[in-house]
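Structural overview
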Amino acid sequence: MGLPFIVLNYKTYLQGTGQGAVEIAKACKTVSEESGIEIAVAPQLSDIYRVASEVELPVFSQHLDGIGAGSFTGHVFGKAIKEAGAVGTLINHSERRLTLAEIEASLKAAKEFGLRSIICTNNVPTTAAAAALGPDYVAIEPPELIGSGIPVSKADPEVVSGSVEAVAKIDPSVKVLCGAGISKGEDLRAALDLGSQGVLLASGIVKATDPKAALEDLIRLV
Ligand code: G3P
């Protein structure tokens, strides 16, 4: 198995807002260059351009609407985030839930604008449904463990291995990430041992006193 893919979701954490978004991205870039591991960041929409302009690393949007150009006030338009410098997007995070029809429309928009897609899910059946839509990644994150500091890969290993199995049956080209409570080297190691190809994480790194040191700890058992 190759190196994992790490995606850091900044959510609306203060530490990852404005100039903080750039500083955390710089730490990610340094650790990525030192380790050869691909690390992507998902700052707030308003910080995509700032981060992508100042730091050379993959930037994802935290959300994308399945709309095109036109009368769509307050929506997130694929072309706009692409032009801001995003290379991908999260879709259907537990903190930004969508209907199945909306997920499909968002994914269509991501594909139309050449954006990499990560559909977030909350259990094995929704992971299977998301995989059937054909995104690049699904990211299984049990909501009750998000932000808890209790790693999904240790607290609920079956949801990770069950998702990996379900996705392999539906579309083996879809890669599986997992997230919720991941912050330490052993959490990432356990996630990889369960068959996932990377992690989607947030608080353990974004809120750390030293995000670079936290990232170095995260990857130490890869
Ligand atoms: O999108 C990442 C996420 O919801 C997990 O958050 O803080 O548990 O790493 P956290």
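Since the structure is predicted, the reported quantities are computational estimates derived from the model, not experimental observations.

1. Observations regarding the overall build of the protein
Each helix and strand in the protein was counted, giving 10 helices and 8 strands. Relative to the compact-globule value of 17 Å for 222 residues, the protein shows a C-alpha radius of gyration of 16 Å, a close match. Viewed in the frame of its principal axes, the protein has a C-alpha envelope of about 45 × 40 × 30 Å. Scored against the burial criterion, the 222 residues of the protein give a buried share of 53%. Taking as baseline every contact in the protein between residues at least 6 positions apart, the subset at least 24 positions apart corresponds to 66%. If you sum the accessible surface of the protein, you get close to 9500 Å²; carbon and sulfur atoms cover 53% of it. Positive and negative charge centroids in the protein, built from 19 and 26 side chains respectively, lie 2 Å apart.

2. Here we look at helix α10 (residues 211–218)
Those residues of α10 not exposed but buried are Pro 211, Ala 214, Leu 215 and Leu 218. Relative to the axis of α10, the buried residues are bounded by an arc of 100 degrees and lie together on one face. Structurally, α10 contributes buried residues whose contacts are with β1 (5–9), α1 (19–35), β2 (38–42), α8 (185–193), β8 (198–201) and α9 (203–206).

3. Things to note about the site of the ligand
In the vicinity of the ligand, the contacting residues are Asn 9, Lys 11, His 93, Glu 141, Ile 146, Gly 147, Ala 180, Gly 181, Leu 200, Leu 201, Ala 202 and Ser 203. With respect to the ligand, the side chain of His 93 contributes an N or O atom lying 2.8 Å from an oxygen atom. At 2.5 Å, a side-chain N or O of Ser 203 approaches an oxygen atom of the ligand. Relative to its free-state accessible area of 310 Å², the ligand is covered by the protein chains to the extent of 100%. In the shell around the ligand, the residues fall into 5 nonpolar, 5 polar and 2 charged.

4. Some points on the UniProt feature "active site" (unreviewed entry) in the protein
UniProt annotation of "active site" (unreviewed entry) refers to His 93 and Glu 141 when read in the numbering used here. On the basis of their most widely separated C-alpha atoms, the annotated residues across 49 residues gather in one place, lying no more than 8.7 Å apart. The class of His 93 is buried, set by a relative accessible area of 4%. If sequence neighbours within four positions are ignored, His 93 has contacts with Asn 9, Lys 11, Cys 120, Glu 141 and Ile 146.

5. So, the nonpolar core
One finds Ile 6, Leu 8 and Val 41 to be the most contacted residues of the largest nonpolar core, which totals 60 residues. Top element by residues in this core is α1. It accounts for 6 residues. Beyond its immediate sequence surroundings of up to four residues, Ile 6 is in contact with Ile 37, Glu 38, Ile 39, Ala 40, Leu 188, Val 199, Leu 201, Leu 218 and Ile 219. Counting residues in hydrophobic clusters, the runner-up holds 12 residues, among them Phe 5, Ala 42, Leu 90 and Leu 200.

6. Here's the deal with the pairing of strand β4 (residues 88–91)
Here β4 shows two buried faces, one formed by Gly 88 and Leu 90 and the other by Thr 89 and Ile 91. When strand β3 (residues 60–61) meets β4, the two strands line up parallel, connected through 2 bridges. Following the sheet pairing, Ser 61 is matched in β4 by Thr 89. Pairing of β4 with strand β5 (residues 116–121) involves 4 bridges; the strand directions are parallel. Its bridge partner lying in β5, Leu 90 is registered against Ile 118. Once you follow β4 into helix α4 (residues 100–112) and on to β5, the crossover reads as right-handed.

Here is what the cut-offs are and how they apply
Position numbers for residues start from 1 in each chain and track the written sequence from start to end. For this predicted model, a pLDDT threshold of at least 70 governs which residues receive local features, and a threshold of 80 or more governs which side-chain atom pairs are given and counted, while totals over whole chains, interfaces and linings are taken from all residues. Heavy atoms from the whole structure form the basis of all side-chain values; hydrogens and water molecules are not counted. Counting from the N terminus, the helices are the DSSP runs of H or I reaching at least four residues and the strands are the DSSP runs of E reaching at least two. Two things to know: the radius of gyration comes from C-alpha atoms, and the globule rule equals 2.2 Å times the number of residues to the power 0.38. Each residue's exposure class comes from its accessible area (1.4 Å probe, protein chains only) as a fraction of the maximum for that residue type: buried when under 20%, exposed when over 50%, partly exposed otherwise. A contact between two residues is defined here by any heavy atoms of the two lying within 4.5 Å. Each accessible area is a Shrake-Rupley estimate made with a 1.4 Å probe; only the visible protein chains count as cover when residues are assessed. For the charge count, each Lys or Arg is scored as positive and each Asp or Glu as negative, with His and the chain ends excluded. Lys charges are placed at NZ, Arg charges at CZ, Asp charges at CG and Glu charges at CD. Taking the helix axis as origin, the arc is that swept by the directions to the C-beta atoms. Being near a molecule or strand, for a residue, comes down to having at least one heavy atom within 4 Å of it. Polar contact criterion, stated in full: a pair of N or O atoms within 3.5 Å, where within protein one must be able to donate a hydrogen and the other to accept it, and residues adjacent in sequence count only if both atoms are side-chain atoms. Following the grouping adopted for this structure description, the nonpolar residues are Ala, Val, Leu, Ile, Met, Phe, Trp, Tyr, Cys and Pro, the charged ones are Asp, Glu, Lys and Arg, and the polar ones are all others, Gly among them. UniProt positions are given in the numbering used here, feature names are shortened, and annotations may be inferred rather than shown by experiment. Nine residue types can take part in a nonpolar core, namely buried Ala, Val, Leu, Ile, Met, Phe, Trp, Tyr and Cys, and a core is a set of them joined through side-chain atoms within 4.5 Å. The criterion for strand pairing is that DSSP finds at least two bridges linking the strands in question. Every crossover in which the path from the first strand over the helix to the second runs clockwise, viewed with the strands pointing away from the viewer, is termed right-handed.

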